[in-house]
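One-letter residues, chain by chain:
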Amino acid sequence: MQHRLPHARSEVPLRRGTSSSATVAAMRGYRVVKYLLFILCYVFWVLSTVLIAVGIYAKVAKEKDVVDTLTLDPALLLMVIGSLTFFITFLGCLGALRNVTCLLKTFVCILALLLLLQLTTGVAAYLFTDTNFVVEVMERTERLMMMSIVGYREDRDLENAIDFVQKKFQCCGVEGYRDWSRNVYFDCSDANPSVEACSIPFSCCMAPGNQLVLNTMCGFGTQRQEWSLAQQGVFLDGCFDKIARWLKQNARMVGGLAGGLVLFQTCTMSLAWAQVCWINKVGRRKAMPASRIASLQKKDHMWFPAFADFHKQ
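For every chain, the first residue of the written sequence is number 1, and numbering continues from 1 along that sequence. Selection of residues for local features in this predicted model requires a pLDDT of at least 70, selection of side-chain atom pairs for listing and counting requires 80 or more, and totals for whole chains, interfaces and linings are taken over all residues. Excluding hydrogens and water, the side-chain values take into account all heavy atoms of the structure.

Draft legend 1. Layout of the overall build of the chain. Comment: elements are numbered from the N terminus, with helices defined as DSSP H or I runs of at least four residues and strands as E runs of at least two. Along its length, the chain carries ten helices and zero strands. Listing every helix and strand of the chain by position from the N terminus yields α-α-α-α-α-α-α-α-α-α. Residue burial is assigned from relative accessible area. The probe radius is 1.4 Å, only protein chains are included, and a residue is buried under 20% of its type maximum, exposed over 50%, and partly exposed in between. The buried share among the 313 residues of the chain stands at 31%. Contact definition: two residues touch when any of their heavy atoms are within 4.5 Å. A fraction of 67% describes how many contacts in the chain between residues 6 or more apart in sequence connect residues 24 or more apart. All accessible-area figures derive from a Shrake-Rupley calculation using a 1.4 Å probe, and residue coverage is judged against the displayed protein chains alone. When the accessible surface of the chain is split by element, carbon and sulfur atoms take 66% of a total near 20,200 Å².

Below, the structure written as structure tokens:
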């Protein structure tokens, strides 16, 4: 008995130390989940604020008589996307920082709906690649691009976006350079009094490597020229086919970006739900009688302290 007493006494601090270490490790794990979720949401919350500010600035800087639509106005599109992102990330920031389970659950539900919508769209696009569904989508996209050509010169943001696409993909129009006759300024008819009649935008032109000054009239009268003559100075292929070809050639990159977005959403949802489970577990422990807490503490040597203790340790 004299030889066993020291050994029995030495077990007591070891068990207490193990329980204390486990509690500290659990506290650190909770803090990692909480503040990692907050930082991720805060970063996108700031980015959404920047999107809203840029959209408002572009909207205010426009002419007053411009009629905007969501599909054709980049400024309005930025404001809508920025506002949705601002609202969603605000729920995540506040819920993570203040341990509000209802906000965190709402945050998880919204991300789950967006994720389900993305997955449904991706699966539908994969399964119906050779069906009428894709044909209908392509036709709608082509009509939308034609509408953007009609609105060229009426909206400065739309004009800059079209010029960027045509210079980036070295194309002109939707199906070809003659599509610009749909625009009232470039309409190639004898009744058109515009100076730019039968012309095309400068973004369709091939810019020489040594050109220092931008020639905005390089496409003057191009629609009157034959194909063989016009192709010497401008890009005549339509942007619709070029963009579709680019998407096919870079399908892996597009899929990788989409997969990265899905992975990020899944990780964010997991962090938020882990914090919800942790808060609920602490709440249940806090509502238990003292005797029940003591029995559980003896059983597994683990106790999750109440909310006030999260900030003290």
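Draft legend 2. Focus on the packing of aromatic side chains. Classification of ring pairs rests on two measures: the distance between centres of Phe, Tyr or Trp rings, Trp counted by its six-membered ring, which must be within 6.5 Å, and the angle between planes, read as stacked under 30 degrees, edge-to-face over 60 and tilted in between. The full count for this structure, using the stated rule, is eleven aromatic pairs. Taken together, a centroid distance of 5.9 Å and an interplanar angle of 25° make the contact between phenylalanine 38 and tyrosine 42 stacked. One end of the pair is phenylalanine 38 and the other is tyrosine 42, both in helix 1 (residues 4-60) and four residues apart, which spans about a single turn. Under the relative-accessibility criterion, phenylalanine 38 is labelled partly exposed at 22%. When the ring of phenylalanine 86 is compared with that of phenylalanine 90, the centres are 6.4 Å apart and the planes differ by 5°; the resulting orientation is stacked. Of this pair, phenylalanine 86 and phenylalanine 90 both sit in helix 2 (residues 74-98), four residues apart, which is roughly one turn of that helix. A residue is classified by how much of its surface remains accessible, and phenylalanine 86, at 29% relative accessible area, is partly exposed. Judged by its relative accessible area of 39%, phenylalanine 90 is partly exposed. Here a set of aromatic residues connected by ring pairs shows up, and it is made of Phe38, Tyr42, Trp45, Phe86 and Phe90.

Draft legend 3. Quick peek at the environment of cysteine 188. Within the element layout of this structure, cysteine 188 appears in the loop between helix 5 (156-169) and helix 6 (227-230). Measuring from C-alpha to C-alpha, the distance between cysteine 188 and cysteine 198 comes to 4.1 Å, with ten residues separating the pair along the chain. In this view, cysteine 188 contacts Ser181, Cys198, Gln223 and Arg224; residues no more than four positions away in its chain are not counted.

Draft legend 4. Structural view of helix 8 (residues 251-287). Between its first and last C-alpha atoms helix 8 spans 54 Å; for 37 residues at 1.5 Å apiece the expected length is 54 Å, and the two agree. Every buried residue of helix 8 is listed here: Gln265, Thr268, Met269, Leu271, Ala272, Gln275, Val276, Trp278, Ile279, Val282 and Arg285. One fewer than the residue count of a helix, multiplied by 1.5 Å, yields its expected span.

Draft legend 5. Quick look at the environment of arginine 153. In this structure, arginine 153 sits in the loop between helix 4 (132-150) and helix 5. Between the C-alpha atom of arginine 153 and that of tyrosine 185, which follows or precedes it by 32 residues, the distance is 8.0 Å. In this view, arginine 153 contacts Glu159, Tyr185, Phe186 and Glu196; residues no more than four positions away in its chain are not counted. We define a polar contact as two N or O atoms separated by no more than 3.5 Å, with the added condition that, inside protein, one atom must be a possible hydrogen donor and the other a possible acceptor, whereas residues neighbouring each other in sequence contribute only through side-chain atom pairs. Within polar-contact distance, the side chain of arginine 153 engages the side chain of glutamate 159 at 2.8 Å. Among the polar contacts made by the side chain of arginine 153, one reaches the side chain of glutamate 196 at a distance of 2.6 Å.

Draft legend 6. Expanded view of the nonpolar core. What is meant by a nonpolar core is a set of buried Ala, Val, Leu, Ile, Met, Phe, Trp, Tyr and Cys residues, joined one to another through side-chain atoms within 4.5 Å. With 22 residues, the main nonpolar core has Leu37, Leu104, Phe107 and Ala272 as its most contacted residues. Those elements that place two or more of their residues in this core are helix 1, helix 2, helix 3 (101-127) and helix 8. Broken down by element, this core gets its largest block of residues, seven residues, from helix 8. The next biggest cluster of nonpolar side chains, apart from the first, holds 17 residues, and it includes Val174, Trp180, Phe186 and Cys204.

Draft legend 7. Quick look at helix 5. With 14 residues, helix 5 should cover 20 Å at 1.5 Å per step; its first-to-last C-alpha distance of 20 Å lies within 8% of that length. Looking only at helix 5, the buried set comprises Leu158, Glu159, Ile162, Asp163, Gln166 and Phe169. Projected onto a plane normal to the axis of helix 5, the buried residues spread over an arc of 155° and lie on a single side. Of the residues in helix 5, the exposed ones pointing more than 90 degrees away from the buried face are Arg156, Phe164 and Lys168. One or two steps after helix 5, the chain reaches glutamine 170, where phi turns positive at roughly 55°. It is the directions from the helix axis to the C-beta atoms that the arc portrays.

Draft legend 8. Molecular detail of the packing of helix 7 (residues 239-249) against helix 8. Orientation is described by lines fitted to C-alpha atoms, with helices fitted over the stretch in contact, and by angles between N-to-C directions that extend from 0 to 180 degrees. With their axes 4 Å apart at the nearest point, helix 7 and helix 8 run at an angle of 70° to one another. Put simply, helix 7 runs roughly perpendicular to helix 8. Contacts between helix 7 and helix 8 involve Trp246, Leu247, Lys248 and Gln249 from the first element and Ala251, Met253 and Val254 from the second. In this scheme, roughly parallel covers angles under 35 degrees and roughly antiparallel covers those over 145, while 65 to 115 is roughly perpendicular and the rest are oblique.

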